[in-house]
Each structure stands twice: as structure tokens, then as C-alpha cells.
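Report on the structure
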Amino acid sequence: MKTSSHLMSALLACGLMQSAAAHQQHQGHIVASVTDTTLASFDIVHAKVVTDGAHLVFQQVVSGEAGKAKPQKQGALAGAQVYSYVWPTSLNSAAVGFEADQGILALALTIHPDFDDTPLYDEDGDGNKTNDGDNWHSHWVVLVEDKACGTGALKVKDIAPGSTPKLPATWPNLPIFIDSPGFDFSMQQSEVQVRVPLASIGFASNFSFDGVTAGLRVNQQVHAPLLCVSKVFDVASGDLSLPGRSL
């Protein structure tokens, strides 16, 4: 896959490349070994995507308690931290409503206490839709390489000033290729699951994927590149080859 080389470059830059022998693939799933040096809540041991009726279920199992680790509040958007469970896929960006062929389309479950990027939803049920960033929530993002984020590093693709690319109906009005679809999810013990309606991706049910846990950071000057991948905690396959197959 052409785009996977960009992801691999980012991992090499972070010094987190693992041996491909540390994983095995069975029936489309990715099974990985426990890594003592990885934070347990982000240490992936299993990743899969399976069909359940009218939904696809994106799953990661970690060696610790899923969702336990959360970024510290910075008190401002500039420099804000984001923690995420991510499923990079081979799906085209057009599958979820972005302009076609924009980069690596990835599903992400994220948390970031310094800002809210889900303006259509009130995750904590307090009547305010703009104060929920410190609750886990789902996104589609388009990832591309940008040297401004570091050698070989990735970012959520910026929208160039003055451009009008096609965007999903639930785009949160940020100058990046991000969607806030409000998918149902669960985090129970060591397992993360996100339920994606098949209809929302044009009923595509046969694609490749990987599992990644990562930290991102908002630019201190709050301009492009706005949101960079700043740390990769773990990669399910060990080599970003996207060996998983949706079932």
C-alpha cells in the first residue's frame, strides 16, 4: 500500500519500530505481544474489525485498563495534548465524505481536556455542547506526512486557506481534515470498541487496517500544521503494514 510508507517513516522517526516477528495474523485479526516499556493502557495486544449486523466494530485490546491514561490539561488550545486509539485503514478518504485521495483515512477515539471538537454532541449531558473534550469521542481523520511536525512525522491534514474541499456533513468547522461522527463506543476493562454504521462508509466492508495508540499536540502558534502526531505509543502490527482485514 503506497500510503503505509508514510506511517512507517513516522514510526522510525519516533524510534518505536518493533520487530514484525512480534505479531501474528489470524482470520484478519492482528495479535501482538505485551511490551513492558509501553504504557499499559496503550499497549496493544489485539486489534480487529468485524461486521456485526449493520455495523463494523473496530476493536483494540490493551494489556492494561483502556482509557485510564488521559492527557494533562494545559489551560489553552495552544500546545494542547490529545491521546488516541487509532485504526489507520486502506479506505479512501472519499468513503466518509472527504475529498478523494487526500491521505490515510483513520478512525480515532480521542480525548483532549483543553478543547471541544464535537459541536453537535453533548457527551456529558450537562446541556453544553462545547465543553466535552475531556470525554472520549470518535473521529475520522486524514493523516499525511509533514516535516514541520518532525522528520517523517504525521499530522492531521490541514485545509489550505481559501480552499473549499469536500467535507463530511459532521465536520466540526476546524481547518483540518477531521470529522466528528458521534459513533457509539465502549471502553470496558482492557477493551476499546467503536461501532461504525456500514452505511456511513458506503457499505465498504473489505479493507485493511492496523491499530495504533498515539499522542498528538496542537501547534503552539495554533496554525498549520495545526495537529501533529507527537508520540506513537504502540503499533499492533509492529511494522505498519496494515495486515488486518475487516471481516
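Here we summarise the structure given alongside this text. (Residues numbered from 1 in each chain as written. Predicted model: local features only at pLDDT ≥ 70, side-chain atom pairs only at ≥ 80, totals over all residues. Heavy atoms only, no water.)

This part is about the pairing of strand β4 (residues 55–62). β4 sits mainly inside the fold: 7 of its 8 residues count as buried. Two strands pair when backbone bridges link them, and strand β3 (residues 44–52) and β4 are joined in this way by 8 bridges, in the antiparallel orientation. Bridging from a neighbouring strand, Asp52 pairs with His55 of β4. (Buried < 20%, exposed > 50% of the residue type's maximum accessible area, 1.4 Å probe, protein only. Helix = DSSP H or I, 4+ residues; strand = E, 2+ residues; numbered from the N terminus. Pairing = 2+ DSSP bridges.)

What follows deals with unusual backbone geometry. The amide bond that connects Ala224 to the next residue, Pro225, takes the cis arrangement and shows omega of -5 degrees. Structurally, Pro225 can be placed in the loop between β13 (212–218) and β14 (227–235). Here the phi dihedral of Val222 falls at roughly 55 degrees; this positive angle occurs in a residue that is not glycine. Topologically, Val222 is positioned in the loop between β13 and β14. Under the relative-accessibility criterion, Val222 is labelled partly exposed at 37%. Its identity as a non-glycine residue notwithstanding, Leu242 has a phi of 50 degrees, on the positive side.

Attention shifts here to the state of the cysteines. Taken as a whole and assessed by the stated rule, the structure comprises 1 disulfide. At a sulfur-sulfur separation of 1.9 Å, the disulfide partner of Cys149 is Cys228. Between Cys149 and Cys228 the sulfur-sulfur dihedral comes to about -65 degrees; the bridge is accordingly left-handed. With Cys149 in the loop between β7 (137–145) and β8 (154–156) and Cys228 in strand β14, this pair connects stretches of sequence that are 79 residues apart. Overall, the relative accessible area of 18% leaves Cys149 in the buried class. (Disulfide = S-S within 2.5 Å.)

The next thing to look at is the pattern of salt bridges. The final tally for this structure, using the stated rule, is 4 salt bridges. Ionic pairing is found between Asp52 and Arg195, a salt bridge with its closest N-O pair at 3.0 Å. On the criterion of sequence distance, the pair formed by Asp52 in strand β3 and Arg195 in strand β11 (residues 191–197) is long-range, its members being 143 residues apart. Relative accessible area serves as the criterion here: at 38%, Asp52 is assigned to the partly exposed category. (Salt bridge = Lys/Arg side-chain N within 4 Å of Asp/Glu carboxyl O.)

Residues Phe58, Tyr85 and Trp140 are the most contacted members of the largest nonpolar core, which totals 35 residues. Sorting the residues of this core by element identifies β3, β4, β5 (81–88), β6 (104–111), β7 and β11 as the ones contributing at least two each. Sorting elements by how many residues they give to this core places β6 first, with 4 residues. Within the second largest apolar cluster, 24 residues are counted, among which are Val141, Val218, Val229 and Leu240. (Core = buried A, V, L, I, M, F, W, Y, C linked by side-chain atoms within 4.5 Å.)

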